[in-house]
Amino acid sequence: PGMTGQVKEDILSRIGELGVFVKNGEITFNPAMLRKDEFLANDTVFNYVDVNHNNQELQLGKNDLAFTYCQVPIIYELSNDIGITVTLENNDTQTFGGLSMDKATSSKLFMRTGEVNHIKVSLTKDICN
């Protein structure tokens, strides 16, 4: 025994490094510990398993960094602006001007409703080290 806890902690500390925080039921992104060199140097395809256990892929570009949170892909992109674009399963999008999502959208992730397809978080270079 004892291994599983360790794995979980590794993942949680990594999520902390990636700057995903939950405050009052809202997901906030604050990747201050990320280094610029963790972002992609080239375009690539990100493979993941969605909440319905289907294999999916997303095209990523240079200066992106992707990971999943509650089985939803989060894509950080270095940009001139800060903001969040949430793409839903029906291709509707919701945008947030800062780095926090509202409770309603956050709870869709926590509850793994499958409504959120992916989330793109635009960050300025000065946020990262």
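Scroll up to find the structure this text is about.
Residues numbered from 1 in each chain as written. Predicted model: local features only at pLDDT ≥ 70, side-chain atom pairs only at ≥ 80, totals over all residues. Heavy atoms only, no water.

Novice: Honestly, unusual backbone geometry in this entry has me stumped. Any pointers?
Specialist: Its identity is not glycine, yet asparagine 24 carries a phi of approximately 50°, on the positive side. In this structure, asparagine 24 sits in the loop between strand E1 (20–23) and strand E2 (26–29). (Helix = DSSP H or I, 4+ residues; strand = E, 2+ residues; numbered from the N terminus.)

Novice: Just to check I follow, could you spell out the packing of aromatic side chains for this structure?
Specialist: Any aromatic ring pair is given by two values, namely how distant the centres are and how the planes are angled relative to each other. One pass over the full model with this rule turns up 3 aromatic pairs. Taken together, a centroid distance of 6.0 Å and an interplanar angle of 85° make the contact between phenylalanine 29 and tyrosine 76 edge-to-face. One end of the pair, phenylalanine 29, is in strand E2; the other, tyrosine 76, is in strand E6 (residues 72–79), with 47 residues separating them in the sequence. Judged by relative accessible area, phenylalanine 29 falls into the buried class, the value being 1%. Arranged with centres 5.8 Å apart and planes meeting at 20°, the rings of phenylalanine 46 and tyrosine 48 form a pair that is stacked. Tyrosine 48 matches phenylalanine 46 in its accessibility class, with the two residues each being buried. (Phe/Tyr/Trp six-rings, centres within 6.5 Å; stacked < 30°, edge-to-face > 60°. Buried < 20%, exposed > 50% of the residue type's maximum accessible area, 1.4 Å probe, protein only.)

Novice: Would you mind showing me how to read the pairing of E6 here?
Specialist: Consecutive side chains along a regular strand alternate between the two faces of the sheet. Among the 8 residues that make up E6, 6 are buried, leaving the element largely enclosed by the rest of the structure. Inspection of the sheet shows strand E5 (residues 64–69) paired to E6 by 6 bridges, in the antiparallel sense. Its bridge partner lying in E6, aspartate 64 is registered against glutamate 77. The hairpin turn running from E5 into E6, its antiparallel successor, is 2 residues long, and cysteine 70 in that turn takes a positive phi close to 55°. (Pairing = 2+ DSSP bridges.)

Novice: What exactly am I supposed to notice about the sheet that holds strand E7 (residues 83–88) here?
Specialist: By definition, the strands of a sheet pair up through backbone hydrogen bonds, in either a parallel or an antiparallel sense. Spatially, E5-E6-E9-E7-E8 is the arrangement adopted by the 5 strands of the open sheet, whose pairing is mixed. On the outer flanks of this sheet lie E5 and strand E8 (93–96), each paired with one strand and no other. Direction aside, neighbouring strands of the sheet carry axes that sit 20° apart on average. With respect to the sheet, helix H2 (residues 103–110) is in contact with E5, E6, E7, E8 and strand E9 (116–124), its orientation differing from that of E9 by roughly 120°. (Axes fitted to C-alpha atoms, helices over the stretch in contact; angles between N-to-C directions. Contact = heavy atoms within 4.5 Å.)

Novice: Hey, could you run me through the environment of tyrosine 69 in this one?
Specialist: For tyrosine 69, the position within the fold is in strand E5. Tyrosine 69 sits 40 residues away from leucine 109 along the chain, and the two C-alpha atoms are 7.9 Å apart.

Novice: What am I meant to see in the environment of alanine 32 here?
Specialist: Along the chain, the position of alanine 32 falls in the loop between E2 and strand E3 (44–49). Judged by relative accessible area, which is 37%, alanine 32 ranks as partly exposed.

Novice: Is there a simple way to think about a nonpolar patch on the surface in this case?
Specialist: The grouping of Val22, Phe110 and Met111 at the surface amounts to a nonpolar patch, some 290 Å² of accessible area in total. By the element assignment, phenylalanine 110 lies in helix H2. Its relative accessible area of 31% is what places phenylalanine 110 among the partly exposed residues. (Patch = residues over 30% accessible without salt bridge, like charges linked within 9 Å, V, L, I, M, F, W, Y side chains within 5 Å. Areas by Shrake-Rupley, 256 points an atom, 1.4 Å probe, with all protein chains shown as cover. Salt bridge = Lys/Arg side-chain N within 4 Å of Asp/Glu carboxyl O.)

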